[in-house]
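Spelled out from the first residue to the last, the chains are:
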2 protein chains.
Amino acid sequence: MRQAYFKYRREANAERAADLVLRHCRLVNVLSGEIEEDVSIAISGFQVVGIGPWYEGEQEIDVGGRYVYPGFVDAHIHLESTKLTIPEIGRVMARYGTSTVITDPHEIANVASLDGIAFQMDTASDNGYLNVFFTAPSCVPALADNGVETYGAYLGPSKLRFLMQSPWVVGLGEVMNVPGLLNGDAKVLRKLKDFQERHLVIDGHAPLLGGPALNTCIYLGVNSDHESTELEEAREKLRRGMHVMIREGSSEKNLDALLPLINEHNVSRLMFASDDLDPTDLMARGHINHLVRRTVAFGVPAIRAIQMATLTPATYFGLNTSIGAIFPGALADLVIAPDLEHFMPDMVIHHGRLVYHDGQTLSSCRSTRRYLKPSINVKLPNEEALAVPSVSGKLARAISLIPGQILTNEVFFKPKTKDGMAVPSASQNIAKVCVFERHHGSGAFGVGFVHGFGMTQGAMGSSVAHDSHNIIVVGMSDADILQCAREIRNMDGGQAAVWGDRVERLPLPIGGLMSNQDAETVVALELKLSEFCAAVLGVTLPNPMAALSFMCLPVIPALRITDQGVFRIAPGGYPERVDIFEGQA
Amino acid sequence: MRQAYFKYRREANAERAADLVLRHCRLVNVLSGEIEEDVSIAISGFQVVGIGPWYEGEQEIDVGGRYVYPGFVDAHIHLESTKLTIPEIGRVMARYGTSTVITDPHEIANVASLDGIAFQMDTASDNGYLNVFFTAPSCVPALADNGVETYGAYLGPSKLRFLMQSPWVVGLGEVMNVPGLLNGDAKVLRKLKDFQERHLVIDGHAPLLGGPALNTCIYLGVNSDHESTELEEAREKLRRGMHVMIREGSSEKNLDALLPLINEHNVSRLMFASDDLDPTDLMARGHINHLVRRTVAFGVPAIRAIQMATLTPATYFGLNTSIGAIFPGALADLVIAPDLEHFMPDMVIHHGRLVYHDGQTLSSCRSTRRYLKPSINVKLPNEEALAVPSVSGKLARAISLIPGQILTNEVFFKPKTKDGMAVPSASQNIAKVCVFERHHGSGAFGVGFVHGFGMTQGAMGSSVAHDSHNIIVVGMSDADILQCAREIRNMDGGQAAVWGDRVERLPLPIGGLMSNQDAETVVALELKLSEFCAAVLGVTLPNPMAALSFMCLPVIPALRITDQGVFRIAPGGYPERVDIFEGQA
């Protein structure tokens, strides 16, 4: 967004009273790198118009020496992961002082293509709390045309060129097709070139990548990455030329590992991102303020931590003429807080209006109803089709979860058998996992084993299943697995857990990804579901729905499952289909 | 310039040998804020393709542990001020490790409009040493349509829109018409809006501006400024939202005053600029390396000083995908130097080619002849017309020079008289100054007095006379003044000093601004001219030609002369015509 041209010139020049003046601010000046004492900030319309003692306001607020800093920026988040609509997300994030997110709408795009993205853009428009900028999803599906999975949408260069024209699009979203980059895939390079020619950024996605492959990605123009899980990995990316987004999401928590990367000379290349954040986490821990708080607690000077959350992402995405600092012409997105330690706002101003005060969000969002088609079209198999005949003398392969990470390991185990079939076993911490194609009603499905849920009975499942969002269900019996899938189908998408005839549900009818209810309701349902999984199903893995939802993503090492079967993924490599049984007993 | 798309992907991935590998580099990494030890840098064509131990080169250079840093960037320079053509400037700057300049071609534009700018762009193209990016001159003439001076060219919104299309144009050049901004002049605002909509930067020019007027300029979208002469002035600009260019030119030297501005949190908003740099200074002191050296000597960490000369301007001007750091895909513009104290290169690589080594520049510039029309069309008055009748009982007004600054003061003095005419007086340090219109042959001229040259006899003059570049001559007799103007006319532009029939000349036939000779010749002629001014004319002011050339610029306080007379300028105000005589004796 560029500034509203020149409307408040006279207010800026103190020839006319501004709409609002904040008095006695302790201004966190991310531009000059100082705290300015006892400053007045003048606001007209949705813009800051002037800073200094010369301004009068129609309304004045004495902030009494509290700190005033720019609204925080999340440099990379898939808003769909919050399961909330954008006005509802904005309402929650405002409490924590977030005013801007860069979102990659690739979840909804995988389900509903451009219609899904437009739905998000339309609901973002004037939501009252949050500036929402978009990166155009570069990899929908994650890997196209290779039989790895059945996908719901395809965004080729033509659709990306449509997106590129939007004033809300600031770059090409996380380029996950690293093999395509390394091998010079013409379609992938075409996408990069189109965005580069428009001077938009190219956001990357290169977990565990280093060496010549990393050099190649950067050579081809990838400008940033949020996938670093290890300090040396992040350091190499930063050194070689990527802007590094330090990610702390619900499933992927890299902040502690990456904090030592920050030094006094590199803050202009480092920022914060959530990537995926479930609503319970968002409500419980906060948002970017939570990352800034921990960064400051680690010993980084508050100014520097705030710059990473404001000026750096604003500059990187070419938005620093509108956001990221408090200056005349900027959007009036300001946070007023009592200290630079907890980063818990007393007041939040968005577009010049007070939107959070005394613990209350002051909703001003338009409740215009927007339309998106129902998205679930699934043909479920019968129970017998899910059975896995055991292979004598062979070990079975399982996807092994790593708590707190989206990476998985490949492990082998000797399966329990029943009637000649390999079956889940609580004592081995092995469950069965199935993926059901749900976009085209093709009836395709994949079956495999997973290690690490700690499940003892029943099944849990989700139509949130990255990135193609087929229906994924993990369970201890084929009957419960199918019942769970039916529950999800009957809600037109959502998450469910079943055991016999007991069931808990979280309906997500918007694309099978998002709720149309408010944050508190969604969190309550999520909590009930999660308690059911723990208490009834015996699940011991923390955040099991999040872990489940990433088990289909065929670009993250080491083992994944899709509706087409089980695949092994090496860093930077194409998925390789593998059988359940392999190796000698 | 964007990168050459994807040509060297295999070289980046270490699948093929690179053209050149630099071994054992001590890499100054402005991205991660570190010095990396013992690094190899691979180059193919004109790009860096990879960094790390994996690369083989067709050619290899062992740099033996010396420092390798990115080529320096001058964030704002009028290249015409060097009096050299661009290939010749590039050859000289290469010795000092400059690889990129952002130039505002507003001198040549004031003389020759778009033809002049195209001449500079054409000579810049593939010059072999230097990346030249342009800002589009926003104020040609400095103040249009108000009778302050006769100008040679007019760049309105239409011509600026032509310029905006050029891939070499990165912004709108220093917006000097601050009164136009403050008063909301529609033409001025139209220019800003056009460039903002293209996401190009708006470079400002706001000497001594602060308070609501400064807030207004920033509100309207001015992103940077290089005119700060005082620390608190620069601090206010930085705090309120301008990128601050610390200027150290030939006439304007602000480095010492502004160095205390730099802190550990604001390097992303500070850079270096020369603005105007005469060839003698360029050859004697160096270029941006001279500023970096002094910044480090002041106590700023070398990494930070280098960032101000590389990454910050590259990022500000949207060029950081090509220049400003050493990374795969960047232009291979590298400097190899033995220490981070003197910043005197041993070797310089430009676009992958060694262009400076062992004190020798290795010219590869194309000597294509480019065409620009002769520019001098002047009708000189007769001697009597220059006489100034004295006014009984009144003090005369003089422009008083401030050594080392382009600001002037207004002073009053009791003039010596001869035959009823007020005349120059060496004992009062007062000379006469005349400006002769030279674009249209109109015969217009202005006459005034100046204090501070220390001249005793003769006259000196120049067709370099900001910004309209009429002919300005300062002298102690009307006969010498006219003879000096004739000498300049006869060279088709240039600088001259005369006393009776003695004369020294520096021909500047390209627009009356630039020489077609090499740097050494121009410097030798400039030195002879300067020695003549000191030895024969008695001039005591340092750098008198530079001081003279700014005396016409009607946007800098406090007093100026044009072909239309003498004008008083308040900060941010329109020029006000004043008489030579005013006040009681």
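Shown above is the structure to which this text applies.
Residues numbered from 1 in each chain as written. Chains lettered and ligands numbered in written order. Predicted model: local features only at pLDDT ≥ 70, side-chain atom pairs only at ≥ 80, totals over all residues. Heavy atoms only, no water.

1. Here we look at the packing of aromatic side chains
The condition is simple: We call Phe, Tyr and Trp rings a pair once their centres come within 6.5 Å, taking the six-membered ring for Trp, and we label the pair stacked below 30 degrees between planes, edge-to-face above 60, and tilted otherwise. Secondary structure counts use DSSP, requiring at least four H or I residues in a row for a helix and at least two E residues in a row for a strand, with both numbered from the N terminus. For every residue, the accessible area (1.4 Å probe, protein chains only) is compared with the maximum for its type, and the residue is labelled buried under 20%, exposed over 50%, or partly exposed between those bounds. Whether a charge lies above a ring is judged from NZ of Lys or CZ of Arg, which has to be within 6 Å of the ring centre and within 35 degrees of the ring normal.
In this structure the tally under the stated criterion is 16 aromatic pairs over all chains. On the numbers, 6.0 Å between centres and 45° between planes, the contact of F133 of chain A with W168 of chain A is tilted. One end of the pair, F133 of chain A, is in strand β8 (residues 131–136); the other, W168 of chain A, is in the loop between α4 (157–164) and β9 (169–175), and 35 residues separate them in sequence. According to the relative accessible area criterion, W168 of chain A is partly exposed, its value standing at 33%. A ring pair is formed by Y69 of chain B and F343 of chain B, whose centres lie 5.8 Å apart and whose planes are at 65°; its orientation type is edge-to-face. Of this pair, Y69 of chain B sits in strand β5 (residues 67–70) while F343 of chain B sits in the loop between β14 (334–337) and β15 (347–350), and the two are 274 residues apart along the sequence. In terms of burial, Y69 of chain B and F343 of chain B fall into one category: buried. The positively charged end of R26 of chain A is found above the aromatic ring belonging to Y67 of chain A, 5.5 Å away from the centroid.

2. Structural notes on the relation of the copies chain B and chain A
Put simply, the rule reads: Alignment of copies: least-squares fit on C-alpha atoms of residues with pLDDT of at least 70 in both copies. The contact rule is simple, with two residues in contact once any of their heavy atoms fall within 4.5 Å.
Its rotation angle being 180°, the transformation that places chain B on chain A also includes 0.0 Å of axial translation and leaves an RMSD of 0.0 Å. Taken together, the rotation and translation relating the two chain copies correspond to the operation of a two-fold axis. A share of 100% of interface residues in chain B that are also interface residues in chain A marks the association as one of identical surfaces.

3. A short note on the pairing of β14 of chain B
All names here are of chain B. Stated formally: Should DSSP find at least two bridges between two strands, the strands are regarded as paired.
Burial along β14 is two-sided: L334 and I336 and V335 and A337, pointing in opposite directions, are all buried. Direction of pairing for β5 relative to β14: antiparallel, over a ladder of 4 bridges. For Y69, the partnering residue across the bridge sits in β14 and is V335. When β14 meets β15, the two strands line up antiparallel, connected through 3 bridges. From the neighbouring strand, I336 faces β15, where its bridge partner is M347.

4. Things to note about the sheet that holds strand β30 (residues 565–568) of chain A
Note: strands within a sheet are paired through backbone hydrogen bonds, in either parallel or antiparallel orientation. Residue and element names in this part refer to chain A. For clarity, the cut-off: Axis definition: a line fitted to C-alpha atoms, over the contacting stretch in the case of helices. Angles run 0 to 180 degrees between N-to-C directions.
Here 3 strands make up an open sheet; going across it, the order is β29-β30-β31 and the pairing antiparallel. Each edge of the open sheet carries a strand with a single partner, namely β29 (559–562) and β31 (576–578). Sheet twist, expressed as the average angle between the axes of neighbouring strands with direction ignored, equals 40°. In this structure, β29 lies alongside β30, joined through 4 bridges in antiparallel fashion. Pairing of L559 across the sheet is with R568, part of β30.

5. Description of the packing of helix α7 (residues 211–219) of chain B against helix α8 (residues 231–240) of chain B
Residue and element names in this part refer to chain B. Applicable threshold: Just so you know how the angles are binned, under 35 degrees is roughly parallel, over 145 roughly antiparallel, 65 to 115 roughly perpendicular, and the rest oblique. Two helices that cross are described as forming a left-handed crossing if the nearer one is turned anticlockwise from the farther one by less than a right angle, and a right-handed crossing if clockwise.
Where α7 contacts α8, the two axes come as close as 10 Å, and the packing angle between them is 40°. With respect to each other, α7 and α8 are oriented oblique. Crossing of α7 against α8: the hand is right-handed. Facing G211, L214, N215 and I218 of α7, the residues of α8 in contact are E236, K237 and R240.

6. Brief notes about the side chain of T82 of chain A
Residue and element names in this part refer to chain A. Formally: Definition of a polar contact: a pair of N or O atoms within 3.5 Å, with one able to donate and the other able to accept a hydrogen when the atoms are protein atoms, and with sequence-neighbouring residues admitted only if both atoms are side-chain atoms.
By secondary structure assignment, the location of T82 is in the loop between β6 (72–77) and α2 (86–94). A polar contact of 2.7 Å, which involves the side chain of T82, links it to the backbone oxygen of L79. Apart from the residues within four sequence positions on either side, T82 is in contact with I89, L277, P279 and L282.

7. Some remarks on the pattern of salt bridges
Convention followed: The term salt bridge refers to a pairing of a side-chain nitrogen on Lys or Arg with a carboxyl oxygen on Asp or Glu at a separation within 4 Å.
Scanning all chains against the criterion turns up 58 salt bridges over all chains. Residue D225 of chain A pairs with K237 of chain A through a salt bridge whose shortest N-O separation is 2.9 Å. Note that D225 of chain A is positioned in strand β11 (residues 224–225) and K237 of chain A in helix α8 (residues 231–240), a separation of 12 residues in sequence. Assigned by exposure class, D225 of chain A and K237 of chain A land together as buried. Notably, a salt bridge pairs R235 of chain B with E232 of chain B, separated by 3.3 Å at the nearest N-O pair. With R235 of chain B and E232 of chain B both in helix α8 and 3 residues apart, the pair spans about one turn of that helix. Using a relative accessible area of 17% as the deciding quantity, one classes R235 of chain B as buried. A single network of salt bridges, built from pairs that share partners, joins E34 and E36 of chain A together with E232, R235, R239 and R240 of chain B.

8. Observations regarding the nonpolar core
Spelled out, the test is: Only buried residues count toward a nonpolar core. Its members are Ala, Val, Leu, Ile, Met, Phe, Trp, Tyr and Cys residues joined through side-chain atoms within 4.5 Å.
Among the nonpolar cores identified, the biggest contains 280 residues, and L192, V292 and M460 of chain A together with L192, V292, F453 and M460 of chain B are the most heavily contacted of them. In this view, L192 of chain A contacts L172, V175, L181, I202, L220 and V222 of chain A together with F6 of chain B; residues no more than four positions away in its chain are not counted.

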